[in-house]
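# Breakdown of the fold
Here is how the chains run, residue by residue.
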Amino acid sequence: MKTDAAVRSGHSQDMAACAAIVIARNHTVRRLEVDGRYRNRGTGLVLVAKAKGEFLDSIQLWSFQQNISAQRFDNRQGFQTIHKTDGDNAKALPDYLLALRR
């Protein structure tokens, strides 16, 4: 199962225009990104709600440790850090794996 969603002001739109979420079969969010023009308007909340609706038991996502605003957002949504790396990814940047369990 794979879900792609895009939102702008609560309505589906062109994914390249504002925001994207892609969820892989293993319940891991592969990409959660909101264009800066649409941040702090509830767009990320809509995308996380889409993920929550798709998977009933748990959701996981990776985020870079340097992305402080993403960390705050993830924590407010109830995600908890379950693993950290020193940069074992394509960008060689320290990151962490978060999980949201119900």
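Note that the structure is predicted; figures quoted are calculated from it, not measured.

The next point concerns the overall build of the protein. Helix and strand counts for the protein come out as two helices and six strands. Counting from the amino terminus, helix and strand elements in the protein follow one another as β-β-β-α-β-α-β-β. Counting all 102 residues of the protein, 38% fall into the buried class. At a minimum sequence separation of 6, the contacts of the protein that also span at least 24 residues come to 46%.

On to helix H1 (residues 43-54). Over its 12 residues, H1 extends 17 Å from the first C-alpha to the last, a length consistent with the 16 Å expected when each residue adds 1.5 Å. Listed in full, the buried residues belonging to H1 are Thr 43, Gly 44, Leu 47, Val 48 and Ala 51. All buried residues of H1 fall inside an arc of 135 degrees around its axis, so they share one side.

Once that is clear, we can look at unusual backbone geometry. In this model, Asn 40 sits at a positive phi of 65 degrees, which is unusual for a non-glycine residue. For Ala 92, which is not a glycine, the phi torsion comes out positive at approximately 55 degrees. Tracing the chain through its elements places Ala 92 in the loop between strand E5 (80-85) and strand E6 (95-101). Classification of Ala 92 as exposed rests on a relative accessible area of 53%.

If you add up the space inside the largest pocket, you get close to 1,000 Å³. Taken together, 29 residues line the largest pocket, and the ones lying closest to its centre are Leu 32, Glu 33, Ser 63, Asn 67 and Ala 70. Listing elements by their share of the lining of the largest pocket, those giving two or more residues are strand E3 (28-34), H1, strand E4 (58-64) and helix H2 (68-76). Looking at the lining of the largest pocket residue by residue, the class counts come to 10 nonpolar, nine polar and 10 charged.

Overall, the predicted model of the protein reaches an average pLDDT of 78, with 75% of residues at or above 70. Taken element by element, the protein is modelled with least confidence in strand E1 (residues 3-5), mean pLDDT 48, and with most confidence in E5, mean pLDDT 95. Low pLDDT, under 50, characterises residues 6-16; the predicted model gives this stretch 18 contacts beyond four residues in sequence or across chains.

In this structure, Val 29, Val 48, Ala 51, Phe 55, Ile 59, Leu 61, Phe 73, Phe 79, Tyr 96, Leu 98 and Leu 100 together form the largest nonpolar core, which totals 11 residues. Every element with two or more residues in this core is listed here: H1, E4 and E6. No other element matches E6, which puts three residues into this core. In contact with Leu 61, other than residues within four places in its own chain, are Val 29, Asp 74, Phe 79, Tyr 96, Leu 97 and Leu 98.

Conventions adopted
Residues numbered from 1 in each chain as written. Predicted model: local features only at pLDDT ≥ 70, side-chain atom pairs only at ≥ 80, totals over all residues. Heavy atoms only, no water. Helix = DSSP H or I, 4+ residues; strand = E, 2+ residues; numbered from the N terminus. Buried < 20%, exposed > 50% of the residue type's maximum accessible area, 1.4 Å probe, protein only. Contact = heavy atoms within 4.5 Å. Expected span 1.5 Å × (residues − 1). Arc of directions from axis to C-beta. 1 Å grid on protein atoms, 1.4 Å probe; cavity = no way out; pocket = protein on both sides within 12 Å on 5 of 7 lines; lining within 4 Å. Points joined across faces, edges and corners; volume = space filled by probe spheres on them. Nonpolar A, V, L, I, M, F, W, Y, C, P; charged D, E, K, R; others polar. pLDDT = per-residue confidence, 0-100. Core = buried A, V, L, I, M, F, W, Y, C linked by side-chain atoms within 4.5 Å.

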